[in-house]
Amino acid sequence: MKVIKTLTAVVISTCLLAAPVSAAAAAPYWNTRAKCEQTDPEGRVIPTRYGNGDLGWNHFSGKHNVKKCRVVNAALAGKVDKKDGGRLEYYGVIVQYARRTADGEYDAGRGNKFGVITAYCKGMNKCPNWINE
């Protein structure tokens, strides 16, 4: 009986110490499905995922007015302009060519690359409508 009381006390105290994960600590939702995909000249297959309001297609198609895959794919078909670890910059397109974003907040899943974070027209917050024609 003494052993059972001790074991119960250990189980209860262990459960109390394991606090639930807060909503703030949980990874934010983002849609990992790919809207489009392009292979760059160095053979990297780069997806443009739907994402959410902060990154990916759902971010830049609204905020930066890039609404056609061909706009993103045209930039990705060129050479990398700037490279910093897993972060690649093509003219007007920023890519995270790694499983996770640099801050570790988003994860593309095992065996996947994160892909396009944002796309924009250099020197402006919102691309002109003609870019999508």
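Structure first, text after, so check above.
Scope of this entry: the structure provided in the associated data block. (Residues numbered from 1 in each chain as written. Predicted model: local features only at pLDDT ≥ 70, side-chain atom pairs only at ≥ 80, totals over all residues. Heavy atoms only, no water.)

1. Here we look at the side chain of His-64
Logical step 1: Residue placement: His-64 occurs in the loop between α2 (57-63) and α3 (69-76).
Logical step 2: Judged by relative accessible area, His-64 falls into the buried class, the value being 9%.
Logical step 3: Residue contacts for His-64: discarding those within four places in its chain leaves His-59, Thr-118, Ala-119, Tyr-120, Asn-125, Lys-126 and Cys-127. (Helix = DSSP H or I, 4+ residues; strand = E, 2+ residues; numbered from the N terminus. Buried < 20%, exposed > 50% of the residue type's maximum accessible area, 1.4 Å probe, protein only. Contact = heavy atoms within 4.5 Å.)

2. Concerning the packing of aromatic side chains
The geometry of an aromatic ring pair comes down to the distance between the two centres and the angle between the two planes.
Logical step 1: Counting across every chain of the model gives four aromatic pairs.
Logical step 2: Relative to Phe-60, the ring of Trp-57 lies with its centre 5.4 Å away and its plane at 70°, an arrangement referred to as edge-to-face. Residue Trp-57 and its partner Phe-60 are both found in helix α2; the two are separated by three residues, about one turn of the helix.
Logical step 3: Residue classification places Trp-57 among the buried residues on the basis of a relative accessible area of 8%.
Logical step 4: Relative accessible area serves as the criterion here: at 0%, Phe-60 is assigned to the buried category.
Logical step 5: An aromatic cluster is built from Trp-30, Tyr-106 and Phe-114, whose rings are joined through pairwise contacts.
Logical step 6: Across the ring face of Tyr-97, the terminal group of Arg-44 is positioned such that the distance to the ring centre comes to 5.9 Å. (Phe/Tyr/Trp six-rings, centres within 6.5 Å; stacked < 30°, edge-to-face > 60°. Lys NZ or Arg CZ within 6 Å of the ring centre and 35° of its normal.)

3. Focus on the state of the cysteines
Logical step 1: Counting across every chain of the model gives two disulfides.
Logical step 2: Put simply, Cys-36 and Cys-69 are joined by a disulfide, and their sulfur atoms are 2.4 Å apart. Given an S-S torsion of about -90°, the disulfide between Cys-36 and Cys-69 has left-handed geometry. With Cys-36 in strand β1 (residues 31-39) and Cys-69 in helix α3, this pair connects stretches of sequence that are 33 residues apart.
Logical step 3: Assigning the bonded cysteines of the chain consecutive numbers by sequence position, one obtains the connectivity 1-2, 3-4. (Disulfide = S-S within 2.5 Å.)

4. Points about α3
Logical step 1: Those residues of α3 that fall on the buried side of the exposure criterion are Val-71, Val-72, Asn-73, Ala-75 and Leu-76.
Logical step 2: If you follow the buried residues of α3, they end up packed against β1, β2 (45-51), α2, β4 (87-90), β5 (93-96) and β6 (115-119).

5. Let's talk about the nonpolar core
Logical step 1: Val-72, Leu-76, Tyr-90, Val-93, Val-95 and Val-116 are the most contacted members of the largest nonpolar core, which totals 19 residues.
Logical step 2: Mapped onto this core, the elements with two or more residues apiece are α2, α3, β4, β5 and β6.
Logical step 3: A total of four residues in this core trace back to one element, the largest contributor, which is α3.
Logical step 4: Ile-94, Tyr-106, Phe-114 and Ile-117 belong to the second largest nonpolar core, which has seven residues in total. (Core = buried A, V, L, I, M, F, W, Y, C linked by side-chain atoms within 4.5 Å.)

6. A look at the pairing of β4
Logical step 1: As judged from the three bridges shared by strand β3 (residues 82-84) and β4, these two strands associate in the antiparallel manner. From the neighbouring strand, Lys-83 faces β4, where its bridge partner is Leu-88.
Logical step 2: Between β3 and the antiparallel strand that follows it, β4, lie two residues; Gly-85 among them carries a positive phi value of about 65°.
Logical step 3: Looking at chain direction, β4 and β5 are connected through four bridges and run antiparallel. Bridge pairing in β5 links Glu-89 to Ile-94.
Logical step 4: What sits between the antiparallel neighbours β4 and β5 is a turn of two residues, in which Gly-92 has the positive phi angle 80°. (Pairing = 2+ DSSP bridges.)

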